[in-house]
Each structure stands twice: as structure tokens, then as C-alpha cells.
Protein chains: 2
Amino acid sequence: MEYEEPKFFHVMKYGIEADRDVIDMVSGNPDWEPPTALREALAAYAELPPAEFQYPPSEGILDLREAIAARRGIDVDRIILTNGTGEANYLGMARALERGAGSEALLLDPVYPYYPGKTELLGGEPTLVPTERDGGLDVDAIREAASEETTLVVLNTPNNPTGAVYDIGKIREVVEIAAEVDALVLADEVYDRFDHTGSFESALSLGSDRVIVTSGFSKSMAITGFRVGYAILPDEHVDAAKTRHMLVNVAGSRPAQYAVSHALEATEPAYYAEARERLADRIDAFTEALDTAGAEYARPDGGFYVLARFDGFPGTMENVKRLIDEAGVAGMPGDTFGTARDDWIRFAMVTPRSLEAAERLVDYFSEE
Amino acid sequence: MEYEEPKFFHVMKYGIEADRDVIDMVSGNPDWEPPTALREALAAYAELPPAEFQYPPSEGILDLREAIAARRGIDVDRIILTNGTGEANYLGMARALERGAGSEALLLDPVYPYYPGKTELLGGEPTLVPTERDGGLDVDAIREAASEETTLVVLNTPNNPTGAVYDIGKIREVVEIAAEVDALVLADEVYDRFDHTGSFESALSLGSDRVIVTSGFSKSMAITGFRVGYAILPDEHVDAAKTRHMLVNVAGSRPAQYAVSHALEATEPAYYAEARERLADRIDAFTEALDTAGAEYARPDGGFYVLARFDGFPGTMENVKRLIDEAGVAGMPGDTFGTARDDWIRFAMVTPRSLEAAERLVDYFSEE
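Labelled according to an unreviewed UniProt entry, chain A appears under the name Aminotransferase, originating from Halorubrum glutamatedens. A UniProt comment under Cofactor (unreviewed entry) is attached to chain A, and it reads "pyridoxal 5'-phosphate". Here chain A is described in UniProt, under the heading Sequence similarities (unreviewed entry), as follows: "Belongs to the class-I pyridoxal-phosphate-dependent aminotransferase family."

Some thoughts on the overall build of chain A
Per the secondary structure count, chain A includes twelve helices and 13 strands. Scaling as 2.2 N^0.38, a compact globule of 368 residues should have a C-alpha radius of gyration of about 21 Å, and chain A matches this with 21 Å. For the C-alpha atoms alone, the extent of chain A along its principal axes is close to 60 × 55 × 40 Å. Residue pairs in contact within chain A that sit at least 24 positions apart in sequence constitute 75% of those at least 6 positions apart. Carbon and sulfur atoms make up 45% of the accessible area of chain A, which totals about 13,200 Å². Separation of charge centres in chain A, based on 33 positive and 66 negative side chains, amounts to 2 Å.

Re the interface of chain B and chain A
Facing the 56 residues of chain B at the interface are 56 residues of chain A. A buried area of about 4,800 Å², summed over both sides, lies between chain B and chain A, and 61% of it is on carbon and sulfur atoms. Taken together, the connections running from chain B to chain A amount to zero salt bridges. Across the chain B-chain A interface, the total number found is 30 residue pairs in polar contact (both at pLDDT 80 or more). If one sorts the elements of the side of chain B that touches chain A by residue count, helix α8 (residues 235–249) of chain B sits on top with nine residues. For the side of chain B that touches chain A, a count of residues per class yields 32 nonpolar, eleven polar and 13 charged.

Concerning the UniProt feature "domain: Aminotransferase class I/classII large" (unreviewed entry) in chain A
Using the residue numbers shown here, the UniProt feature "domain: Aminotransferase class I/classII large" (unreviewed entry) corresponds to residues 21–357 of chain A. For the annotated span residues 21–357 of chain A, helix accounts for 39% and strand for 16% of the residues, and the straight-line distance between the end C-alpha atoms is 11 Å.

Considerations on the relation of the copies chain B and chain A
After a rotation of 180° and a shift along the axis of 0.0 Å, chain B superposes on chain A with an RMSD of 0.0 Å. Put plainly, the chains are arranged around a two-fold axis. Closest approach to the rotation axis among the C-alpha atoms of chain B is made by A43 of chain B, whose C-alpha sits 2.3 Å away. Most of the interface of chain B is mirrored in chain A, where 100% of its interface residues again form contacts.

Things to note about the packing of helix α5 (residues 114–121) of chain A against α8 of chain B
Axis separation between α5 of chain A and α8 of chain B bottoms out at 10 Å; the angle between their running directions is 115°. Relative to α8 of chain B, the crossing made by α5 of chain A is left-handed. Between α5 of chain A, through Y114, G117, K118 and L121 of chain A, and α8 of chain B, the contact on the second element is made entirely by R244, M246, L247 and V248 of chain B.

Considerations on the domain arrangement of chain A
Residues and elements named next belong to chain A. On domain assignment, one finds that chain A holds domain 1 (7–34 + 270–367) and domain 2 (53–266). A separation of 26 Å is found between the C-alpha centroids of domain 1 and domain 2. If you look at the interface, domain 1 gives 30 residues, while domain 2 gives 29 residues. Here domain 1 packs against domain 2, burying approximately 2,500 Å² in sum over the two surfaces, 59% of which is carbon and sulfur. Our count for the contact surface shared by domain 1 and domain 2 stands at one salt bridge. Note that R133 is salt-bridged to E296, the shortest N-O span being 2.8 Å. Taken together, domain 1 and domain 2 are joined by 14 residue pairs in polar contact (both at pLDDT 80 or more).

Observations regarding the packing of aromatic side chains
Per the counting criterion, the structure on display carries 41 aromatic pairs over all chains. Measuring from centroid to centroid gives 5.1 Å for F313 of chain A and F365 of chain A, while their planes differ by 85°, and the two rings are edge-to-face. Of this pair, F313 of chain A sits in the loop between β10 (305–309) and α11 (317–327) while F365 of chain A sits in helix α12 (residues 354–367), and the two are 52 residues apart along the sequence. F313 of chain A gets classed as buried once you look at its relative accessible area, which sits at 2%. Residue classification places F365 of chain A among the buried residues on the basis of a relative accessible area of 14%. For the pair Y191 of chain B and Y305 of chain B, a centre-to-centre distance of 5.8 Å together with 80° between the ring planes defines the contact as edge-to-face. Taken together, the positions of Y191 of chain B in the loop between β6 (184–188) and β7 (211–216) and Y305 of chain B in strand β10 (residues 305–309) put the pair 114 residues apart, joining distant regions of the chain. By the burial criterion, Y191 of chain B is buried, and Y305 of chain B matches it.

Considering the nonpolar core
Burial of nonpolar side chains together is a common tendency in soluble globular proteins. If you look at the biggest cluster of nonpolar residues, it comprises 205 residues, and the most contacted ones within it are F347 of chain A together with F347 of chain B. When residues in this core are grouped by element, the largest group, nine residues, is from helix α10 (residues 269–293) of chain B. Once residues lying within four places of it in the same chain are set aside, the contact partners of F347 of chain B are M25, F286, F304, Y305, V306, A308, F310, L323, V329, G331 and L361 of chain B. Residues I80, Y115 and L121 of chain A together with Y114 of chain B belong to the second largest nonpolar core, which totals 34 residues.

Rules and cut-offs
- Residues numbered from 1 in each chain as written.
- Chains lettered and ligands numbered in written order.
- Predicted model: local features only at pLDDT ≥ 70, side-chain atom pairs only at ≥ 80, totals over all residues.
- Heavy atoms only, no water.
- UniProt positions renumbered as here; feature names shortened; annotations may be inferred.
- Helix = DSSP H or I, 4+ residues; strand = E, 2+ residues; numbered from the N terminus.
- Rg over C-alpha atoms; globule rule 2.2 N^0.38 Å.
- Contact = heavy atoms within 4.5 Å.
- Areas by Shrake-Rupley, 256 points an atom, 1.4 Å probe, with all protein chains shown as cover.
- Lys, Arg positive; Asp, Glu negative; His and termini not counted.
- Charge placed at Lys NZ, Arg CZ, Asp CG, Glu CD.
- Buried area = accessible area lost by both parts, 1.4 Å probe.
- Salt bridge = Lys/Arg side-chain N within 4 Å of Asp/Glu carboxyl O.
- Polar contact = N/O pair within 3.5 Å; in protein donor to acceptor, adjacent residues only side chain to side chain.
- Nonpolar A, V, L, I, M, F, W, Y, C, P; charged D, E, K, R; others polar.
- Least-squares fit on C-alpha atoms with pLDDT ≥ 70 in both.
- Axes fitted to C-alpha atoms, helices over the stretch in contact; angles between N-to-C directions.
- Left-handed = near helix turned anticlockwise from the far one by under 90°.
- Domains from an automatic or database assignment.
- Phe/Tyr/Trp six-rings, centres within 6.5 Å; stacked < 30°, edge-to-face > 60°.
- Buried < 20%, exposed > 50% of the residue type's maximum accessible area, 1.4 Å probe, protein only.
- Core = buried A, V, L, I, M, F, W, Y, C linked by side-chain atoms within 4.5 Å.

Laid out in C-alpha cells, this is it:
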């Protein structure tokens, strides 16, 4: 596989180098404060004796695993702390693909581009399956695509880029389909704290031995650079994932795990609520402006992103660059995310200038 | 691949649960202070604005990569910061094995057990090649083992477990053999700051496009838990390794990279010299006691470890447990490290009680 400079970096670089002020709505980096307890714990860690600076257990520090187990209501032995949700997805997908139960991974279109990338790295074959117009699960399409060759179905809820929050009844149907063809279902729930509907339910609640759940603290604690995530695996798949984790990474970074562990214990629900409401407000303001601009969009039920389509202005890389140069707003071309939204543009709401960006878009498209 | 509780943890657990005082000489965790600047930088990081808590570049923060490039005299573009030297080895070995140039990895016996583990994870076939009696490179044995199927030779210098520091002339010969069969040479130099001879020379000095060098700060800064390592690849292999790094881990942990970067800049040579001398003193005291105990050993030229053989007391797991119970000293069974030293025991000098441990061994074996 050749290295392709990810489009994210390409667009961000173009925006930075533009000869004007550009509002960055490209990356999924939170722009708000991490929990106060996280800062405090990291500073406290810096004073610990040298023994605390050495290898944590490969599966991660016990305090944090136990806190996750308690929150999730599961056995702590099922949890492996990983180098961000990215590694958790890698471990889960590897387990599905290495079992000798087929080599096909069903991925939903639009798709987070790391999923097909990881599938190919692991020697599997990604198949894109359409979703509903609003990004919701199309169970019939998944049933139709599933076959003997299918060993994995990857779900991401709340979804990047569509903002869909999958109905738990539909997830159950997908798990049943997976069971019929001996596939595993990996549910990436890293945006679970950013459910704007109140109806999100973790795939873990199904209690199925077909379900791997991944998540992390990158988004919920505004620390994408710390790399603390986790995979929750069915009992029979834990050991294989631990072996791979140890052979690839040995362990995750201990200061980061320590800080997250303390922050998870000390942080009140109000912190998460405030971050979620901040995003909801930005989404409101942004989508209202999209109405004015005459754009098509689906109001996101969760997550950080708004997908929008402007008539006569397909979301190609060329047009995304025009928007940077002529409107001063940077988004992501839709074809980054598979084929289903290739004339749309994804805007990340992780900037305090979301409203200003929306106004620039209104101005730009009303002048056209 | 089934998960096997690594023998390290098995022995450590046995030692901890023993009904007596046990001196732990099992793990390679430094027991001394990290650089003061590392603690200070980590505390300072905890105060930075939220933007500094987000994803670092996938290949690592530029300051640290530039500092490594300057120290090593190479182009910064060849450096990928990794989640410890463990990930660096994984990336380098993966690159060698995925090129379509064969599936065999030549590993030197005694062998660090992660090398065969990684080889098998990556679908390759490990072949153990003997070293000299003192652990030095046996170039003829490598020449004899190399074939069309060979795509990788892994060297570790200073060596774990033998303490050998490889002669650069012999490394050059190995690289020439590798070139003849289209193989790459990976040199893991994570113990390079613990050369007790003054003669260590990095494989990088050969300027060969066949050589991948890996290293990290786990040992040199006494921070095995931070997970900051790096791979230096020949130009033509950088992109493939970056792709794998991104798809597996996205990036390393930023607070750890930040702290190491500042510590690397601010730490005087005296810090490294002091750590090296501390180890050399422990090795002196320990090997002197081994003489008294009538044990065979090779005085290590570098690294943390002493391999010893006691007459009539082969270094099996059973005997290692006896030593824990009856002498109060915990080492590692020789068969952890391949076949060449399976009746030896490895002792790690990373405890201030090294001399006391040696005296216990003298007492134990003189009573026998």
C-alpha cells in the first residue's frame, strides 16, 4: 500500500497557506477545555516516584479499566486500553479478519476513511454498503450484502460524517445477520458523549458475543493527542487481541492513562453536558444559516459534523479549495467518505467561529 | 496465535507472591530518576492551551524529530516517532516482510522474545541463527542461513540478553550479505546509551539503504511507561511505514513526546554517564560474586543484563522458581530467549540491591 497524504492534512495545509483568514472546519479536534481534573492529574503524575514512570500493564492501568467496567456494567477482563480508539478499531478488526471466517468487511457508506484503510492493511476486502438518505442503518442493504465471506461489519454511532445515531433495534438486527454468516460486529462509539437526541444506546447493551465495542477519551475529554482508547471484546476474543496489542505496542502511554483515570473519576456530568450543548448550539446556528443559503443537509443527531450539499457546487476537492479561497471556510470533500456523499461537504463544528463560518457561506452562495 | 502470558509476568508474579523477601532482577525497568527536565516539561505541558492537547502530527512532533535528526546526522524525513521502540520494531519488521521479497526473518539466538512473536504476527517465518559463545555476531552462521527467502535480519546491539556490543565491521558484513539476498537489516539500538566499552557504533553510520535503525527513550531516560521510540528508515521505505503507523495508532501520545523533546534538549551528558556508571558498578559487583559462586558468565559489554550459568542448576522455570523461594532472587529462565542459553539465567541489573542479590546467590550455591 502506498502512503497517501490524507486529505485531511492536504485540506488543512491548503487552508493554512491561503492568502486570507480561513475558518478551519476540517479536523475533529475539540477546541474546548479538557476536564480540570485531567490537567491536575497530569501535573501530579510528573511528581511521582520513578517506578510509576515504568511500563503499565500491557492491557492498561487497572484503575481506569475498572472504572470503565463499572460504567459499562461488564467484566473488567474484557477491556484492553489502547493507543486511542484508532488502535482499538485496529485490534477489533484484526481479530475479526484473522479468525479464518472470511475476509470481507462490510463498511457503511459514507465511511470514515480509516476503516477501509485498516481493512486493506489487514489483508481484508472492504465492501461499501449504502445507508439511508439521513445516514441511518439500512438493515435490508446489510442483509443483502452479507455472505459466507463476510467476517466483519463496522458500525460507527454517533456517526462520522453523517451525524446519525443508530437505532438499537436496527443494530440488533445487524448483529443477528452477522451471527447468521459468522461475522463479528464492531461498534465504534467514540462520539457516545455527543448524542444530541438522548436516544443513543450502546451496542454493548445487546449482550451479544458477536459484538466488539470501541471507544476512547479523545473526544469526550478534548484530548485527541493523549491517545487513550479501549476495546471491549467478547471473552473468546480477548486473548488474541491482547497478544496483538502487546506485540505491536507493548502498552499505552502511562501518564496519559493516569490523567484520564483521575479525570474520569473526578469529572461531573455537567462537564460532558456543557460540551454537548456547546456543539448543539453551534449545529443550530450553522444549520439555520444553511437553510438561508438554500443548502441541503441532515441535522445531525450526534457527533461533531454537519454534511451539506450546495446546488450546483459539488463537494469536490477543487470546490473545497474554492470555498477556502473565496469564502474563507475550510471543510472536507465528500468523496473522502466513500461514494454516497461525494457531492457533499463535511463541516466540523469544533470552532467557536461556526456561526461566522455559516454567515460566510450564506454570503458566498447568495452572491453566486 | 494464542495469547501466552509472557514469562516475564509469570516470574514477576511468582516473585511477588512468594512468602519471603525477593530481589526482582526480572524486568528491564530502570529504577533510577528520569531527567529533571522531563518532570518539569510534563508539568509545564499540563498548563498548555487545549490546542496543544490535540493530535500531534502522525509521524510525531517536529521538535523531537529534528533533535533526533541532528544527533544522528540524517534527514528528518526518515524519522517516525512511535509508541515506544516496540512499535518501531513492528513497523520496520512489517516493512521488510510486506515487500514481497521473501518471508523469512533471521533472528539471532539468544533472541529477545518479541522478535519471533512479531515475525509470526506479521505472517513471516523466524529462523534462529547462532551467535558466538560470548554473544558476538557470527557472520559465517548468518551467511550460511541467508537465502532467497530471507527478507529481514534483526540485530539488537547492545544486546538483550547477552550484553554483546556488535563490532561495526561485522555489522557491515551482515548488511552486505543482506544486500546479496535482497533482505533488510533492522538494528534495534534501544540500549545505545548503555555501552560499557566505548566502542559502540550505530548501524546508521554505514549509510546503507538496507538498514533500519530503531531506538527510543524508555531506557535512556528511565521512562519505559511513556512509550516514545522511533524508527529511522531508508527513504524508499518511509511512506509505507508511515501508512501503517497511521492506520494502527494514528499518532503517539503528545504529552510523552513533549516531555521527552524538552528533556532531550536540556539533559546534560552527565545524566547518561551517571546511569551508565551506576549499571557498570552493579555489573562489577554482581559478576565478582558470580566468580565466587563458581558460575559461568560473559561480562556484558553493554545493556542491563547478566547471563549466568550455575553448574548442575540449569536455568529452567522450575529452577528459577526454586531460586526465588530458596535464595530470594528472581531472574529469567534462559529458554525465554531461544535455545542457545536455555540452561542459563538472565539477571537484570536495574535494582540497587544487585550486590545483595549476588551475595544471596553466593550463599545459596556454596550451601548446595
